[in-house]
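This is what each chain is made of:
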Amino acid sequence: SSGINAEWPLRPGPNSQYNDLFSNGPKECLEFPDYTFVEHFGKQIPSYPPRLVLKDYLEGYWRKCGVSPDQVKTLHCVRNVVEESPGRFAVTVEELETGATSSDVFDYVIVATGHFSFPNVPEIRGVSNFKGRVLHAHDFRKSSEFVGQDVLFVGSSYSAEDISLQCLKLGAKSATLSYRSKPMAYKMPDTVAQRPAIDRIDEDGNVVFTDGHIQKFDAITLCTGYLTKFPFMPGNLTLRCGNIVYPPNLYRGVQFVDKEGSGQGRVLYLGMYDQWYTFTLFKMQAWWAVAMTKGLLKEIVDVPLKDKLADIAKWEKKAEDMNDDCLFQRDFLLALCEDVGCHDNLDTDKQFREWFELKYTDLRTYRDHGHESNFDKLGRAPVPNTKWWVNYNDSLEAFVDNI
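## Regarding the overall build of the protein
Logical step 1: Along its length, the protein carries nine helices and 17 strands.
Logical step 2: At 22 Å, the protein has a C-alpha radius of gyration in line with the 22 Å of a compact globule built from 403 residues.
Logical step 3: Its C-alpha atoms put the protein at 60 × 55 × 50 Å along the principal axes.
Logical step 4: The proportion of buried residues among the 403 residues of the protein is 51%.
Logical step 5: Within the protein, contacts between residues separated by at least 24 positions form 62% of all contacts whose residues are at least 6 apart in sequence.
Logical step 6: When the accessible surface of the protein is summed, it comes to about 19,200 Å², and 50% of that surface belongs to carbon and sulfur atoms.

Here is the structure:
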């Protein structure tokens, strides 16, 4: 990337952001305790900000933390990591502007690339017969490209619900959501239909669903998730999992461990889970990683390998037994807080539960409500003066001024 915030601009590449993108979760659930939205903007703002508001907030936080662009090497891509001796890693990078490569040796490797970069593209029988556009949600940028169109969205999770409503809001004729296991239970506009999985695309370019329904579409958007890949990592140090709340082989959700002791405990992964808690959990994982590399977590880290594997198994079983991913992740976050000595109240389960209830009431209106911050002590955030469904201005100024 070309800067410390370079994942946020709208352009082809590793990011999946698009025009008119508003947060689909309350800002109160991702607020930093040491840098509130009120501190950044000087006043309360509504709970579901657009992309540029969150970008501005993060940039303010980085400035407060003393992070400057010259401290971060940009426009370089990691091509290879090799453990050249126990606990010592040769990292080869390519300078993207010149193609030149160079290598340096490090004591630790922290993988913080995220896991939403490699689209999962399912095979659809007969897809070459389709007459319209087929794209993955990763490449979606403008709802205005689908004005007047009948659009099929393959998937039934966040991307499908957000992008389908955004397309309808900006003028798509209809949206059909194709689900693999069960339809979404939210209240949706009348112009949204739900169908089971695609069986095939017939010779005329029509979509045939497994229930026998046949329909013509102008475009197909694959909201089918991502593959977890780290092509620069050696096989024995590569995290292998899907989008789950507690990835395997990560002690305390951060330190890579396996039965062979690969990497000597010096490979760390951050943010590699199905995300309910985001910014605050990223912060705690980063805090944990820094404390570990400084030798401040010896009582937690310097334990036998079998104890680390048992701890991983304990958390995996808890995730399975709880059957509540959000509550599980809350407990995991609080465990990291205890590890590093953080005493801030990062428990936003109350706000998440309100959000769940509002979404089931109506997907079009949940963003029109305000939630309470754990930190600014000013009560509920103001409701937006312009309802989301008819708000076509995603600028920072309009949102902060609550126009």
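## Structural notes on the sheet that holds strand β11 (residues 207–209)
Logical step 1: Across the sheet, which stays open at both edges, the three strands sit in the order β10-β11-β12 with antiparallel pairing between neighbours. With one partner strand each, in any of the chains shown, β10 (198–201) and β12 (214–215) form the two edges of the open sheet.
Logical step 2: Sheet topology places β10 next to β11; three bridges connect them, and they run antiparallel. Opposite I198, over in β11, you have F209 as the bridge partner.

## Points about helix α2 (residues 51–64)
Logical step 1: Helix length check: α2 (14 residues) gives 20 Å between terminal C-alpha atoms against 20 Å at 1.5 Å per residue, within 8%.
Logical step 2: Buried within α2 are the following residues: R51, V53, L54, K55, Y57, L58, E59, G60 and Y61.
Logical step 3: In this fold, the buried residues of α2 make contact with α1 (37–41), α4 (279–293) and α9 (396–400).

## A few points about the packing of helix α7 (residues 325–340) against helix α8 (residues 349–361)
Logical step 1: Put simply, α7 and α8 touch, their axes get as near as 11 Å, and they point 165° apart. It follows from the interaxial angle that α7 and α8 lie roughly antiparallel. Viewed along their axes, α7 and α8 form a crossing whose handedness is right-handed. Packed against α7, whose contacting residues are C326, L327 and R330, the element α8 presents D349, F352, R353 and F356 at the interface.
Logical step 2: Its residues placed into classes, the contact of α7 with α8 shows four nonpolar, no polar and three charged.

Calculation criteria
The numbers attached to residues start from 1 for each chain and follow its sequence in the written order. Residues qualify for local features only when their pLDDT is at least 70, as the model is predicted, and side-chain atom pairs are given and counted only at 80 or more; totals for whole chains, interfaces and linings, by contrast, use all residues. Hydrogens and water molecules were not included; the side-chain quantities draw on all heavy atoms of the structure. Helix numbering and strand numbering both begin at the N terminus, where a helix is a DSSP run of H or I of at least 4 residues and a strand a DSSP run of E of at least 2. With C-alpha atoms as the basis for the radius of gyration, the globule rule is written as 2.2 Å multiplied by the number of residues raised to the power 0.38. Exposure classes here rest on a 1.4 Å probe applied to the protein chains alone. A residue is buried below 20% of its type maximum, exposed above 50%, and partly exposed in between. What makes two residues a contact is simply this: any of their non-hydrogen atoms within 4.5 Å. Exposure was quantified through the Shrake-Rupley algorithm and a 1.4 Å probe, taking into account, for residues, occlusion by the shown protein chains and nothing else. Being paired, for any two strands, means DSSP has found at least two bridges between them. In this analysis, the expected span of each helix is defined as 1.5 Å times one less than the number of residues it contains. Only C-alpha atoms enter the line fits that serve as axes; for helices the fit covers just the stretch in contact. Angles between N-to-C directions range over 0 to 180 degrees. Put simply, angles under 35 degrees are roughly parallel, angles over 145 are roughly antiparallel, angles from 65 to 115 are roughly perpendicular, and the rest are oblique. The hand of a helix crossing depends on one turn: near helix anticlockwise from the far one by less than a right angle means left-handed, and clockwise means right-handed. The classification used treats Ala, Val, Leu, Ile, Met, Phe, Trp, Tyr, Cys and Pro as nonpolar, Asp, Glu, Lys and Arg as charged, and all other residues, Gly among them, as polar.

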